[in-house]
Amino acid sequence: MKHTKQILGLALMSFALTAMYGCEPKAKKTTAAPVMAQALNPPGKDKPKNNTVKIALLLDTSNSMDGLINQAKSQLWDIVNKFTHAKCGNEQRPELQIALYQYGNDNLSSNEGYIQQVLNFSGDLDEISEKLFSLTTNGGEEFCGEVIHTSLKQLDWGNNPDNLKMIFIAGNEPFNQGKLNYKDAVTNAKEKDIVVNTIFCGNYEQGINTEWKNGATLTGGEYIAIDHNRKVVHIDTPYDDVIIKLNSKLNQTYISYGAMGSAKMEKQRVQDDNAYELEEAVAVKRAVSKSSRLYNNKQWDLVDASKDESFNISEVKKEELPKELKGKSETEIKAYIEEKKSDRAKIQAEIQELNAKREKFIAEQQQEGEKGELENAMLEAIKKQAAKKDYKWEE
């Protein structure tokens, strides 16, 4: 695949914006499948939420796609920060789950159609970031119909008709390549109430001629053509350094527990470093995401776990506590958790306050056209598509 600098960034932005508007207007008895990011369960029982947005991103990783992947890494945090404000018709906050596939890469098995599930549906933001950073590129055969079919077969999309379920497939080779007819794949998706959106990197008419538009139209999805030369403009602000320093303080409020606690805390640090290495602005966006409701690590962090009504510290095995809590009484442990919880709330509130000023500064400095007319056009189209699920956007 060639000339695909920004396709995934826009793909990710589009599915995030879609997720903002899809939800369940009335309480249902059916429940969405649980997030599969962690094998470790926190104490107590989780109550699965019906209001779930499930997005499968199918990414072509053939040839020179490094620019594309970098866009994905940076755009992830924009998505989360926008999705934080999503609200359902029944006033509940929806859950977001993302699955990731790569296809068209010579390093993948030819027996599997050069397709690989990189990540099952997950709401673990650190894990999603980690998987994006793991992607590498290499030439190969791109079979759009087959990767769509594979995602439909392997992923648990659930049967709740009120949930918003979407596929975003990105690429620029003909959509009809491969033995499996893409029309059969997208028809199957439509039968499962899954909307397929296609993103073609290149000339709009060329995408039409190579079946990309038809692939979306058959399910009522959106067809988008991307200017691959367009770059995302990051504007530095006076608040960036302070937010990054607050992020370091935020990390100190986490109390790892369980068999995977220390490893998960290390993953948090690594993903902070990855974001910073991309660009300081990306690290800032990640810090803002970490101050939001969507960054929840109750599977390994006692502070987040304690927010659950069913949480009981006595159910945590003593040997699974971090060293700073070894030998402490239950009263002392609870006091320590409350102290960290208070510290975190203050830091998160400060980050959110600074980010509001940051966003205002960016809006004032941003030049005409830097946001991109295409993004605005996608937003309008996606609003129309997702309004059927009764989502609202709370500014």
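Residues numbered from 1 in each chain as written. Predicted model: local features only at pLDDT ≥ 70, side-chain atom pairs only at ≥ 80, totals over all residues. Heavy atoms only, no water.

### A closer look at the pairing of strand β5 (residues 164–171)
The element β5 is extensively covered by neighbouring structure, given that 8 of its 8 residues are classed as buried. Taking every second residue as pointing to the same face, both faces of β5 are buried, with Leu164, Met166, Phe168 and Ala170 on one and Lys165, Ile167, Ile169 and Gly171 on the other. Bridge analysis of strand β1 (residues 52–60) against β5 gives 7 bridges, and the strand direction is parallel. Each bridged residue has a counterpart across the sheet, and for Ala56 the counterpart in β5 is Ile167. (Buried < 20%, exposed > 50% of the residue type's maximum accessible area, 1.4 Å probe, protein only. Helix = DSSP H or I, 4+ residues; strand = E, 2+ residues; numbered from the N terminus. Pairing = 2+ DSSP bridges.)

### What about the side chain of Asn105?
The residue Asn105 is located in the loop between β3 (95–103) and β4 (115–122) in this model. A polar atom in the side chain of Asn105 sits 3.2 Å from the side chain of Thr61. Side-chain polar atoms of Asn105 contact the backbone nitrogen of Asn107, separated by 2.9 Å. With residues near it in sequence (within four places) discarded, Asn105 still touches Thr61, Tyr114, Thr136, Thr137, Asn138, Gly139 and Gly140. (Polar contact = N/O pair within 3.5 Å; in protein donor to acceptor, adjacent residues only side chain to side chain. Contact = heavy atoms within 4.5 Å.)

### Re the environment of Ser289
You can see Ser289 is positioned in helix α10 (residues 280–290). Here Ser289 falls in the buried class, since its relative accessible area comes to 0%. Sequence separation between Ser289 and Gln348 is 59 residues; the distance between their C-alpha atoms is 9.7 Å. Non-local contacts of Ser289, meaning those with residues more than four positions away in its chain, are made with Trp77, Val80, Asn81 and Tyr295.

### Observations concerning the packing of aromatic side chains
Tallied over the entire structure, the rule returns 7 aromatic pairs. Seen from their ring centres, Tyr254 and Trp300 are 5.5 Å apart, and the 25 degrees between their planes marks the pair as stacked. In this pair, Tyr254 sits in the loop between α8 (240–251) and α9 (261–278) while Trp300 sits in the loop between α10 and α11 (302–306), placing the two residues 46 residues apart along the sequence. Just as Tyr254 is buried, Trp300 falls in that class too. Ring-pair connections join several aromatic residues into one group, and the members of that group are Phe175, Tyr182, Phe200 and Trp212. The side chain of Arg344 reaches across the aromatic face of Tyr254, ending 3.7 Å from its centre. (Phe/Tyr/Trp six-rings, centres within 6.5 Å; stacked < 30°, edge-to-face > 60°. Lys NZ or Arg CZ within 6 Å of the ring centre and 35° of its normal.)

### Observations concerning the pattern of salt bridges
Under the defined criterion, the tally for this structure stands at 14 salt bridges. The shortest N-O distance in the salt bridge between Lys264 and Asp124 comes to 3.3 Å. With Lys264 in helix α9 and Asp124 in the loop between β4 and α3 (125–134), this pair connects stretches of sequence that are 140 residues apart. Bridged by salt links that share partners, the residues Asp126, Asp272, Arg286 and Lys290 form one connected network. (Salt bridge = Lys/Arg side-chain N within 4 Å of Asp/Glu carboxyl O.)

### Some remarks on the side chain of Thr210
Secondary-structure assignment places Thr210 in the loop between α6 (204–209) and α7 (212–217). Since its relative accessible area comes to 16%, Thr210 is described here as buried. Polar contacts involving the side chain of Thr210 include one to the main-chain carbonyl oxygen of Gly207, which spans 3.4 Å.

### Section: the pairing of β1
Summarising burial for β1: 9 of the 9 residues are buried, a large majority. Pairing between β1 and β3: 9 bridges, direction parallel. Note that in β3 the partner of Ala56 across the bridge is Ala99.

### Considering the packing of α8 against α10
Interaxial distance between α8 and α10 falls to 9 Å at its minimum, and their mutual angle equals 50 degrees. When the axes of α8 and α10 are compared, the pair comes out oblique. Considering how the two elements wind past one another, α8 and α10 form a crossing that is left-handed. Contacts between α8 and α10 pair Asp240, Asp241, Ile243, Ile244, Asn247, Leu250 and Asn251 from the former with Glu280, Ala283, Val284, Ala287 and Lys290 from the latter. The residue makeup of the contact of α8 with α10, split by class, is 6 nonpolar, 2 polar and 4 charged. (Axes fitted to C-alpha atoms, helices over the stretch in contact; angles between N-to-C directions. Parallel < 35°, antiparallel > 145°, perpendicular 65-115°, else oblique. Left-handed = near helix turned anticlockwise from the far one by under 90°. Nonpolar A, V, L, I, M, F, W, Y, C, P; charged D, E, K, R; others polar.)

### A few points about the nonpolar core
Of all hydrophobic cores here, the largest spans 45 residues; its most connected members are Val53, Leu100, Leu125, Ile128, Leu132, Leu135 and Ile351. Of the residues forming this core, the biggest block, 6 residues, is contributed by helix α2 (residues 66–83). Residue contacts for Leu135: discarding those within four places in its chain leaves Leu59, Ile69, Leu100, Gln102 and Val118. With 27 residues, the next largest nonpolar core counts Leu58, Cys144, Val147 and Phe175 among its residues. (Core = buried A, V, L, I, M, F, W, Y, C linked by side-chain atoms within 4.5 Å.)

### Focus on helix α12 (residues 330–365)
Compared with an ideal rise of 1.5 Å per residue, which puts 36 residues at 52 Å, α12 spans 52 Å between its outermost C-alpha atoms and is within 8% of the ideal. Among the residues making up α12, those that are buried are Ile333, Ile337, Lys340, Arg344, Ile347, Gln348, Ile351, Leu354, Asn355, Arg358 and Ile362. The inward-facing, buried residues of α12 abut α8, α10 and α11. (Expected span 1.5 Å × (residues − 1).)

### Points about the confidence of the model for the protein
In this model, the protein carries a mean pLDDT of 82, and residues with pLDDT of at least 70 account for 77%. Mean pLDDT across the secondary structure elements of the protein bottoms out at helix α1 (residues 7–19), with 46, and peaks at α8, with 98. A low-confidence stretch, residues 10–22 (pLDDT under 50), is modelled with 63 contacts involving residues beyond four sequence positions or located in other chains. Throughout residues 24–48 the model reports pLDDT below 50, and contacts reaching past four residues in sequence, or to other chains, amount to 68 contacts. (pLDDT = per-residue confidence, 0-100.)

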